[in-house]
Amino acid sequence: MIKLIVNADDFGYSPGVNYGILHSHLFGIVNSATMMMNMPGTGHALAMARQYPGLRTGVHLVLTCGKPLLSHLRTLTTKDGYFRSQADLDGISALELELEWSAQIDRFIRAGLKPSHLDSHHHVHTREEFLPVIQSLSNKYDLPFRVNGDFPLEGVKSYSNRCLFDFYGDGIQEDYFSMLAEKSEDGETVEVMCHPAFADQLLMEGSSYNLMRLKELEILCSTKLPPGIKLL
């Protein structure tokens, strides 16, 4: 039996994203989510997470979108105070990174919620130079992190045995979950990353990955899991 985690990233990005994630949970197979703590929809997402505790929710650590929660973090931001781009992450201070990511986790906890796990926007937590920060945060908060594919992070608790990132873009197929056993081994806990959403102005203007989220939502709410796979 494969135990399945279907994790919706970007909870908190915008109200449309939030409603799409909740819809995919209530009427589909999404059973986990991770929340961005610095975005326009964060407050809305926090209220949703409190109202629907059956949706396991963790923190989607942000380094490449919007502004940090803390000020004066010079190595993390451009001159205008926004996070640097995904292609410009050299020279990041480990101390500043841990301070900012701790602030993001702490905001979630102060809202009265217990995070289930941690991952990151654009998978930046898997960068080799950030491993000491990841190890420290995992130990400090006693929380698991998303694995990098089927490779766990050294010295860090893992949220699953394997994480699949291919339910995305051209990989969004109606039969995706019926083929899941071919990518996994019996007895594993497998996480599938997804990005369901209803399109709103914030999403359309802020993300190039927008209308494809509607296709994800449709499949996540219509698919039937085959024998041998069950939601965790």
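So, here's what we can say about the structure. Please read all numbers here as calculations on a predicted model, not as lab measurements. (Residues numbered from 1 in each chain as written. Predicted model: local features only at pLDDT ≥ 70, side-chain atom pairs only at ≥ 80, totals over all residues. Heavy atoms only, no water.)

Now for unusual backbone geometry. For Asp10, which is not a glycine, the phi torsion comes out positive at approximately 75 degrees. On the secondary structure map, Asp10 appears in strand β1 (residues 2-11). Located in the positive-phi region is His122, a residue other than glycine, with phi close to 65 degrees. Tracing the backbone through its elements, the reader meets His122 in the loop between β4 (118-120) and α4 (131-141). (Helix = DSSP H or I, 4+ residues; strand = E, 2+ residues; numbered from the N terminus.)

Here the focus is the layout of surface pockets. Taken as a whole, the largest pocket holds about 330 Å³ of empty space. What lines the largest pocket is a set of 19 residues, among which Asp10, His121, His122, Tyr168 and Arg213 lie closest to the centre. (1 Å grid on protein atoms, 1.4 Å probe; cavity = no way out; pocket = protein on both sides within 12 Å on 5 of 7 lines; lining within 4 Å. Points joined across faces, edges and corners; volume = space filled by probe spheres on them.)

We now examine the packing of helix α1 (residues 15-26) against helix α2 (residues 42-51). Relative to each other, α1 and α2 sit at 20 degrees, their axes nearing to 9 Å. With respect to their mutual orientation, α1 and α2 come out roughly parallel. The two elements α1 and α2 cross, and the hand of that crossing is right-handed. Note on element contacts: α2 touches α1 through His44, Ala45 and Met48, opposite Pro15, Asn18, Tyr19 and Leu22. Classifying every residue of the contact of α1 with α2 gives 5 nonpolar, 2 polar and no charged. (Axes fitted to C-alpha atoms, helices over the stretch in contact; angles between N-to-C directions. Parallel < 35°, antiparallel > 145°, perpendicular 65-115°, else oblique. Left-handed = near helix turned anticlockwise from the far one by under 90°. Contact = heavy atoms within 4.5 Å. Nonpolar A, V, L, I, M, F, W, Y, C, P; charged D, E, K, R; others polar.)

So, on to the pairing of strand β3 (residues 56-61). Within β3, 5 of the 6 residues are buried, leaving the element largely enclosed by the surrounding structure. Following the chain from strand β2 (residues 32-35) across α2 to the adjacent parallel β3, one finds a crossover that is right-handed. Relative to β4, β3 runs parallel, the two being bridged by 3 bridges. Residue pairing for β4: His60 is matched across the bridge by Asp119. (Buried < 20%, exposed > 50% of the residue type's maximum accessible area, 1.4 Å probe, protein only. Right-handed = clockwise from strand over helix to strand, strands pointing away. Pairing = 2+ DSSP bridges.)

The next point concerns α4. Within the sequence span of α4, burial applies to Val133, Ile134, Leu137, Ser138 and Tyr141. For α4, the angular spread of the buried residues around the axis is 130 degrees, confining them to a single face. Within α4, the exposed residues directed more than 90 degrees away from the buried face are Pro132, Asn139 and Lys140. Those residues of α4 that are buried are in contact with β3 and α3 (94-110). (Arc of directions from axis to C-beta.)

A word on the pattern of salt bridges. Using the criterion set out here, one finds 11 salt bridges in the structure. A salt bridge links Asp142 to Lys157, with the shortest nitrogen-to-oxygen separation between them at 2.0 Å. With Asp142 in the loop between α4 and β5 (162-164) and Lys157 in the loop between α4 and β5, this residue pair connects regions lying 15 residues apart in the sequence. Arg146 is the salt-bridge partner of Glu191, the closest N and O atoms lying 2.8 Å from each other. Placement of Glu191 in strand β6 (residues 189-194) and of Arg146 in the loop between α4 and β5 is noted, with a sequence separation of 45 residues between them. For Glu191, a relative accessible area of 0% puts it in the buried group. Judged by its relative accessible area of 0%, Arg146 is buried. (Salt bridge = Lys/Arg side-chain N within 4 Å of Asp/Glu carboxyl O.)

Before going further, it helps to spend a moment on the nonpolar core. Counting residues in each nonpolar core, the largest one holds 63 residues, and the members touching the most others are Phe11, Leu63, Trp101, Phe167 and Phe177. Top contributing element to this core by residue count: β1, with 5 residues. Filtering out sequence-adjacent residues up to four positions away, Phe177 remains in contact with Leu4, Val6, Ile29, Phe167, Val192, Leu220, Thr223, Leu225, Pro226 and Ile229. (Core = buried A, V, L, I, M, F, W, Y, C linked by side-chain atoms within 4.5 Å.)

Now for empty space enclosed by the protein. A complete count under the given rule lists 1 cavity of 30 Å³ or more for this structure. As a volume, the largest cavity reaches approximately 30 Å³. Considering the residues around the largest cavity, the lining is formed by Phe11, Leu22, Met48, Ala49, Tyr52, Leu55 and Thr57. Of the residues contributing to the lining of the largest cavity, the split by class is 6 nonpolar, 1 polar and no charged.

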